[in-house]
Amino acid sequence: MLKKFFTAIGEYIILLGKSLQKPQKMRVFWKLFMREINDLGVNSFGLVVFTSIFVGAVVAIQMFNNFDASSFPIPPSFVGYATKAVLVLEFAPTIISLILAGKVGSYIASSIGTMRVSEQIDALDIMGVNSPNFLIFPKIIACMIFNPLLIAISIVFGILGGYIAGILTGNWTENDYIVGIQMYMPNLFIYYAFTKTTVFAFIIATVPSYFGYNVKGGSLEVGRASTQAVVWTMVFIIISELILTQLILS
């Protein structure tokens, strides 16, 4: 089992080495890049917005309930600040990245895996095309550029969700919430959030690509590879979050 794991790590690193090279034809690369931006980023916009609004509302309500149950009086404006801090530090970068790992990761693994079992990748190799660079590199660049934008949008709509929750529940006033989200927050929090997001984006693009590229068999194996890709992508996201938290915030 351990030997198999380290063999997979070695194959993953070798595949990355082949992928992270200058494209053979930039015109073809830009065409593929724009297609990946649409498939991996733009098509995830609605899911990110929907999830973020409800997550923001839940976080704000939980913060209010915790503050209200406290034996010390806490100003209502801190609901806004706490919601913003929690969204920036944890919920937007991590939860949205885990959701994208499921949506985007399964798409990447299944699309590349289908090309493998239908021998399209073999055809590219025979024609002298660097197939890992051709298939994977545009996905890596698209994810690392667009995912931080999705997380920024998630933070904004999460804060909006908390604002809407205040209007609907009447637990805190609009002015208190706005004052709270305008409170000073260390720039390190923003740096931490987007550093995490960039690392997660790289994992989301590369781990499913590895599983899809190395599929052996038929359509049934493609489905299994997609499942494995999502699981291992989530595992690596959680492990990398622990490491980054220790490195940046400690």
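Fair warning: this is a prediction, and the values are worked out from it, not measured in the lab. (Residues numbered from 1 in each chain as written. Predicted model: local features only at pLDDT ≥ 70, side-chain atom pairs only at ≥ 80, totals over all residues. Heavy atoms only, no water.)

1. Looking at the overall build of the protein
Broken down by element type, the protein carries nine helices and zero strands. Along the protein, helices and strands appear, N-terminal first, in the series α-α-α-α-α-α-α-α-α. If you line up the protein on its principal axes, its C-alpha atoms span 70 × 40 × 35 Å. When each of the 250 residues of the protein is scored for burial, the buried share is 45%. Taking the intrachain contacts of the protein between residues at least 6 apart in sequence as the baseline, contacts between residues at least 24 apart amount to 86%. (Helix = DSSP H or I, 4+ residues; strand = E, 2+ residues; numbered from the N terminus. Buried < 20%, exposed > 50% of the residue type's maximum accessible area, 1.4 Å probe, protein only. Contact = heavy atoms within 4.5 Å.)

2. Quick notes on the UniProt feature "transmembrane region" (unreviewed entry) in the protein
Those places that UniProt annotates as "transmembrane region" (unreviewed entry) correspond, in this numbering, to residues 45–64, 85–109, 136–168, 189–211 and 231–249. For residues 189–211, helix accounts for 100% and strand for 0%, while the C-alpha atoms at its two ends are 33 Å apart. The distance from the first to the last C-alpha atom of residues 231–249 is 27 Å, and the span holds 95% helix and 0% strand. (UniProt positions renumbered as here; feature names shortened; annotations may be inferred.)

3. Re the packing of helix H1 (residues 2–19) against helix H6 (residues 131–169)
Running from N to C, H1 and H6 cross one another at 90°; their axes reach a closest spacing of 8 Å. Between H1 and H6, the interaxial angle falls into the category roughly perpendicular. Contacts from Leu15, Lys18 and Ser19 of H1 reach H6 at Pro132, Asn133, Ile136 and Phe137. Along the lines of polarity and charge, the residues of the contact of H1 with H6 split into four nonpolar, two polar and one charged. (Axes fitted to C-alpha atoms, helices over the stretch in contact; angles between N-to-C directions. Parallel < 35°, antiparallel > 145°, perpendicular 65-115°, else oblique. Nonpolar A, V, L, I, M, F, W, Y, C, P; charged D, E, K, R; others polar.)

4. Regarding the packing of helix H4 (residues 77–117) against helix H8 (residues 187–213)
One can describe the packing of H4 onto H8 by two numbers: an axis separation of 7 Å at closest approach and a directional angle of 20°. The angle between the axes of H4 and H8 places the two elements in the roughly parallel class. The crossing of H4 and H8 is right-handed. Here the residues of the contact of H4 with H8 are counted per class, giving 18 nonpolar, seven polar and three charged. (Left-handed = near helix turned anticlockwise from the far one by under 90°.)

5. Structural notes on the layout of surface pockets
Estimated volume of the largest pocket: approximately 790 Å³. Taken together, 22 residues make up the lining of the largest pocket; nearest its centre are Lys4, Ala8, Tyr210, Phe211 and Gln228. Mapped onto the lining of the largest pocket, the elements with two or more residues apiece are H1, H8 and helix H9 (219–248). Looking at side-chain class alone, the lining of the largest pocket contains 13 nonpolar, four polar and five charged residues. (1 Å grid on protein atoms, 1.4 Å probe; cavity = no way out; pocket = protein on both sides within 12 Å on 5 of 7 lines; lining within 4 Å. Points joined across faces, edges and corners; volume = space filled by probe spheres on them.)

6. Notes on the pattern of salt bridges
Taken as a whole and assessed by the stated rule, the structure comprises five salt bridges. Where lysine 196 meets glutamate 90, a salt bridge forms, and the shortest distance between an N and an O atom there is 3.9 Å. Taken as a pair, lysine 196 in helix H8 and glutamate 90 in helix H4 lie far apart in primary sequence, 106 residues in all. The class for lysine 196 is buried, based on a relative accessible area of 0%. (Salt bridge = Lys/Arg side-chain N within 4 Å of Asp/Glu carboxyl O.)

7. Quick notes on the environment of glutamine 120
Among the secondary structure elements, glutamine 120 is positioned in helix H5 (residues 120–126). Looking at glutamine 120, the relative accessible area reads 41%, which means it is partly exposed. Through-space distance from the C-alpha of glutamine 120 to that of threonine 94 is 35 Å; in sequence the pair is 26 residues apart. A distance of 3.0 Å separates a polar atom in the side chain of glutamine 120 from a polar atom in the side chain of serine 118. (Polar contact = N/O pair within 3.5 Å; in protein donor to acceptor, adjacent residues only side chain to side chain.)

8. Details of unusual backbone geometry
Phi is positive for glutamate 119, which is not a glycine, with a value near 65°. Among the secondary structure elements, glutamate 119 is positioned in the loop between H4 and H5.

9. Re the environment of aspartate 125
Residue position: aspartate 125 is located in helix H5. Overall, the relative accessible area of 37% leaves aspartate 125 in the partly exposed class. When residues no more than four places from it in sequence are discounted, the contact partners of aspartate 125 are Ser131 and Tyr213.

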